[in-house]
Amino acid sequence: MAPSPLIYAVANQKGGVGKTTTSVNLAASLAAAEKRTLLVDCDPQGNASSGVGVRRPSIERSLYDVLIGRSTLRETVISTSVPRLDVVPATQDLVAAEIELVDAPDRATKLRDALRPHATGYEYVILDCPPSLGLLTLNALVAADRVLVPLQCEYYALEGLTYLMATIDRVKAAFNPDLGVEGIVLTMYDGRTSLTHQVADEVKGHFKVFDSIIPRNVKLSEAPSHGKPVLLYDASSKGAQGYLSLAREILEVNRPKGKVARPRP
């Protein structure tokens, strides 16, 4: 029997901190390290789907169909232009899932129950969460093994982080006792400002923070408009190198005895 994949929820209820950018580019970097990876778009905006080249008109089945029981997860999987990277896409229909499932007794475990039996064969699953702490994010946290938190170094960052950690603690107590926070990823990092350094130091004083830092980088902003992870758009850019470095850290943490595959630009 194939081993179960390691499932990461990329979560932060604050918008604009780089969740989708991190989900797409971390998934692509893990695939570049020859790890079969599944990206699951849990956000009705569908930006993770379009970020790997899956446009809305081409989507026949989405995560919405999985959550309401119309399709299995395996029936919704779409291959991408990145070898070893597949995606379960999302559309705006996913908004309706929060309404339709609100009275379902198993509403918090829908994604877990759909994902676990059908994700065998993958080594990593990346769940891109919406910018809220609603039912879709709850489903992702219940399904995940670990949480990865993208964080922009700005004034309100710590306050939002406190709310997220409280939510994770509640999910652990009620649904998923093995859920752990893998770490904080500093995104849109601008080392020229004193505020950036102050917030980074404060976060490092309270939480585990990855050594890899994702800088402000125009190539990261341009890549989604081309339907590509930055690794395919400009592998030599600082943004691409930041996510390759993050993938190396994650692979090192989960490294079995022996050598670890290195992401290749």
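The structure this text deals with has already been given above.
Since we're looking at a predicted model, the values are computed, not measured.

Participant: I keep staring at the overall build of the chain and nothing clicks. Help me out?
Facilitator: Along its length, the chain carries 12 helices and 8 strands. On C-alpha atoms alone, the chain measures out to a radius of gyration of 17 Å, which is about the 18 Å that the 2.2 N^0.38 rule sets for 265 residues. In the chain, which comprises 265 residues, the share counted as buried stands at 53%. Counting contacts in the chain only where the partners sit at least 6 residues apart, residues at least 24 apart contribute 77% of the total. With the model as given, the accessible surface of the chain reaches about 11900 Å², and the carbon-plus-sulfur share is 50%. Side-chain charges in the chain split into 30 positive and 29 negative, and the spacing between the mean points of these groups amounts to 6 Å.

Participant: So what exactly am I meant to see when it comes to the packing of aromatic side chains here?
Facilitator: The description of an aromatic ring pair rests on the distance of the ring centres and on the angle between the ring planes. Considering all chains together, one arrives at 1 aromatic pair under this definition. Here the aromatic rings of Tyr8 and Tyr124 are separated by 6.4 Å at their centres, their planes lie at 20 degrees, and the arrangement is stacked. Taken as a pair, Tyr8 in strand S1 (residues 6-10) and Tyr124 in strand S5 (residues 124-128) lie far apart in primary sequence, 116 residues in all. Look at Tyr8 and you get buried, because its relative accessible area is 1%. You can call Tyr124 buried: its relative accessible area is 6%. Positioned over the ring face of Tyr122 is Arg36, at 4.4 Å from the centre of the ring. Geometry around Phe210 places Lys208 over its ring, the cationic atom sitting 5.7 Å from the centre.

Participant: Sorry, what's going on with the packing of helix H1 (residues 19-32) against helix H12 (residues 238-253) here?
Facilitator: Helix-helix packing is characterised by the crossing angle of the two axes and by the distance between the axes. Where H1 contacts H12, the two axes come as close as 9 Å, and the packing angle between them is 65 degrees. The orientation of H1 with respect to H12, classified from their angle, is roughly perpendicular. Two packed elements cross with a definite hand, and for H1 against H12 that hand is right-handed. Together, Thr21, Thr22, Asn25, Leu26, Ser29 and Leu30 of H1 and Tyr243, Leu244, Leu246, Ala247, Ile250 and Leu251 of H12 make up the contact between the two elements. Here the contact of H1 with H12 is built from residues that sort into 8 nonpolar, 4 polar and no charged.

Participant: Teacher, can you tell me more about the layout of surface pockets here?
Facilitator: Its boundaries defined by the atoms lining it, the largest pocket holds a volume of some 460 Å³. If you trace the largest pocket, you find 30 residues lining it, with Gly18, Lys19, Thr20, Thr21 and Met188 closest to the centre. Listed by contribution, the elements that provide at least two residues to the lining of the largest pocket are H1, helix H2 (47-51), strand S7 (180-189), strand S8 (209-215) and helix H10 (218-222). In terms of residue count, H1 provides more of the lining of the largest pocket than any other element does, 5 residues in total. Residue composition of the lining of the largest pocket, grouped by class: 13 nonpolar, 13 polar and 4 charged.

Participant: Explanation requested: the side chain of Ser50 in the structure shown.
Facilitator: Considering the arrangement of structural elements, one finds Ser50 in helix H2. Accessibility expressed as a relative area gives 18% for Ser50, which makes it buried. Setting aside residues up to four positions removed in sequence, Ser50 forms contacts with Arg55, Pro224 and Gly227.

Participant: So what exactly am I meant to see when it comes to the environment of Leu85 here?
Facilitator: Residue position: Leu85 is located in strand S4 (residues 85-88). As a C-alpha pair, Leu85 and Val181 span 96 residues in sequence and 24 Å in three-dimensional space. Leaving out residues up to four positions away in the same chain, Leu85 has contacts with Ala27, Ala28, Ala31, Thr37, Leu39, Val52, Ser79 and Thr80.

Participant: When you look at empty space enclosed by the protein in this model, what are you seeing that I'm missing?
Facilitator: Rolling a probe over the atoms, with the probe sized like a water molecule, indicates the empty space that remains. Under the defined criterion, the tally for this structure stands at 1 cavity of 30 Å³ or more. The space that makes up the largest cavity amounts to roughly 40 Å³. As for the largest cavity, its lining consists of Asn12, Lys14, Val17, Leu151, Gln152, Tyr156, Ala157, Gly160 and Leu161. For the lining of the largest cavity, the secondary-structure elements that each account for two or more residues are strand S6 (146-152) and helix H8 (157-174). Examining the composition of the lining of the largest cavity, we find that 3 residues originate from one element, H8, more than from any other. Across the lining of the largest cavity, the residue classes tally to 5 nonpolar, 3 polar and 1 charged.

Conventions we followed
Residues numbered from 1 in each chain as written. Predicted model: local features only at pLDDT ≥ 70, side-chain atom pairs only at ≥ 80, totals over all residues. Heavy atoms only, no water. Helix = DSSP H or I, 4+ residues; strand = E, 2+ residues; numbered from the N terminus. Rg over C-alpha atoms; globule rule 2.2 N^0.38 Å. Buried < 20%, exposed > 50% of the residue type's maximum accessible area, 1.4 Å probe, protein only. Contact = heavy atoms within 4.5 Å. Areas by Shrake-Rupley, 256 points an atom, 1.4 Å probe, with all protein chains shown as cover. Lys, Arg positive; Asp, Glu negative; His and termini not counted. Charge placed at Lys NZ, Arg CZ, Asp CG, Glu CD. Phe/Tyr/Trp six-rings, centres within 6.5 Å; stacked < 30°, edge-to-face > 60°. Lys NZ or Arg CZ within 6 Å of the ring centre and 35° of its normal. Axes fitted to C-alpha atoms, helices over the stretch in contact; angles between N-to-C directions. Parallel < 35°, antiparallel > 145°, perpendicular 65-115°, else oblique. Left-handed = near helix turned anticlockwise from the far one by under 90°. Nonpolar A, V, L, I, M, F, W, Y, C, P; charged D, E, K, R; others polar. 1 Å grid on protein atoms, 1.4 Å probe; cavity = no way out; pocket = protein on both sides within 12 Å on 5 of 7 lines; lining within 4 Å. Points joined across faces, edges and corners; volume = space filled by probe spheres on them.

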